[in-house]
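Below are the chains, spelled out letter by letter.
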Amino acid sequence: MIKNIVFDLGNVLVDFNPQAYLKSLGYADAEIQPLIDIIYGDYWNKYDRGDYKTVADLRIALCKKYPKYGNDFFKILQPDWVKIHTVREDTAEYLSLLKARGYKIYILSNLAYESYGFIQKLEFFKKTDGGVFSYLERHCKPEEEIYRIFLERYSLNPDETVFLDDKPENIEAAEKFGIHGIVFTDFSSAKKQLEEKLNLSI
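Conventions and cut-offs
Residues numbered from 1 in each chain as written. Predicted model: local features only at pLDDT ≥ 70, side-chain atom pairs only at ≥ 80, totals over all residues. Heavy atoms only, no water. Pairing = 2+ DSSP bridges. Helix = DSSP H or I, 4+ residues; strand = E, 2+ residues; numbered from the N terminus. Right-handed = clockwise from strand over helix to strand, strands pointing away. Buried < 20%, exposed > 50% of the residue type's maximum accessible area, 1.4 Å probe, protein only. Polar contact = N/O pair within 3.5 Å; in protein donor to acceptor, adjacent residues only side chain to side chain. Axes fitted to C-alpha atoms, helices over the stretch in contact; angles between N-to-C directions. Parallel < 35°, antiparallel > 145°, perpendicular 65-115°, else oblique. Left-handed = near helix turned anticlockwise from the far one by under 90°. Contact = heavy atoms within 4.5 Å. Nonpolar A, V, L, I, M, F, W, Y, C, P; charged D, E, K, R; others polar.

Student: How should I be thinking about the pairing of strand β7 (residues 180-183) in this particular structure?
Tutor: The side chains of a regular strand alternate between both faces of the sheet. Looking at chain direction, strand β6 (residues 161-165) and β7 are connected through 4 bridges and run parallel. Across the sheet, D165 pairs through a bridge with V183, a residue of β7. In this region the chain leaves β6, passes through helix α10 (residues 168-175) and returns to the parallel neighbour β7; the handedness of that crossover is right-handed.

Pasting the structure below:
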């Protein structure tokens, strides 16, 4: 029987769209992809892991590595960048419904310190029963350790737990621990798959 439902954040409960963000700052399409590749690659993973606590720290590291983009980094990596996280109302409302139906609700996310400060104030976050975040644990999905930490911290039975994430590799890693997985491609498909699992577990 499924008792625990675990959500990723980015592109599941909140939209995270760097392309749209850069476009809103006035960048042309041809300029966007090179900046996306530099900023939101390995360096962003380190930011999520907590190697860089703030975007100012991240910006310093990027400027040292790619000095010709220094002005762009200063334009893009400002503290208010976190506002690009916008709530996906359909998923957030469904989370509230699941909570009302008696399921335990958790979050498992690669998330930076500053992102956490913003997202923890959102209404849906207050309805969760806990969460594990990469910046605190210094591990990122799909690394095995973050799943182990999550299961042990909340004493969860993997067979009673289902995880929704937009990245197949993160779901594959969860399934190695016996957690039921759903790759989140869109809300209606994910909801249908989850309801099938929940109904089968009754």
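Student: Whenever I open this one, the side chain of N4 confuses me. Can you help?
Tutor: Looking at the secondary structure, you find N4 in strand β1 (residues 4-7). N4 sits in the buried class, given a relative accessible area of 5%. Within the structure, N4 has its side chain in polar contact with the side chain of T161 (distance 3.1 Å).

Student: How should I be thinking about the packing of helix α3 (residues 42-49) against helix α4 (residues 55-65) in this particular structure?
Tutor: When two helices pack together, their arrangement is given by the angle between the helix axes and by the axis-to-axis distance. At a minimum axis distance of 10 Å, the contact between α3 and α4 shows a crossing angle of 150°. Between α3 and α4, the angle is such that the two are roughly antiparallel. Taken as a pair, α3 and α4 cross one another with a handedness that is right-handed. The segment α3 lies against α4, with Y43, W44 and Y47 engaging V55, L58, A61, L62 and K65. Within the contact of α3 with α4, the residues separate by chemical class into 7 nonpolar, no polar and 1 charged.

Such coordinate-based values are descriptive only and should not be taken to indicate function.
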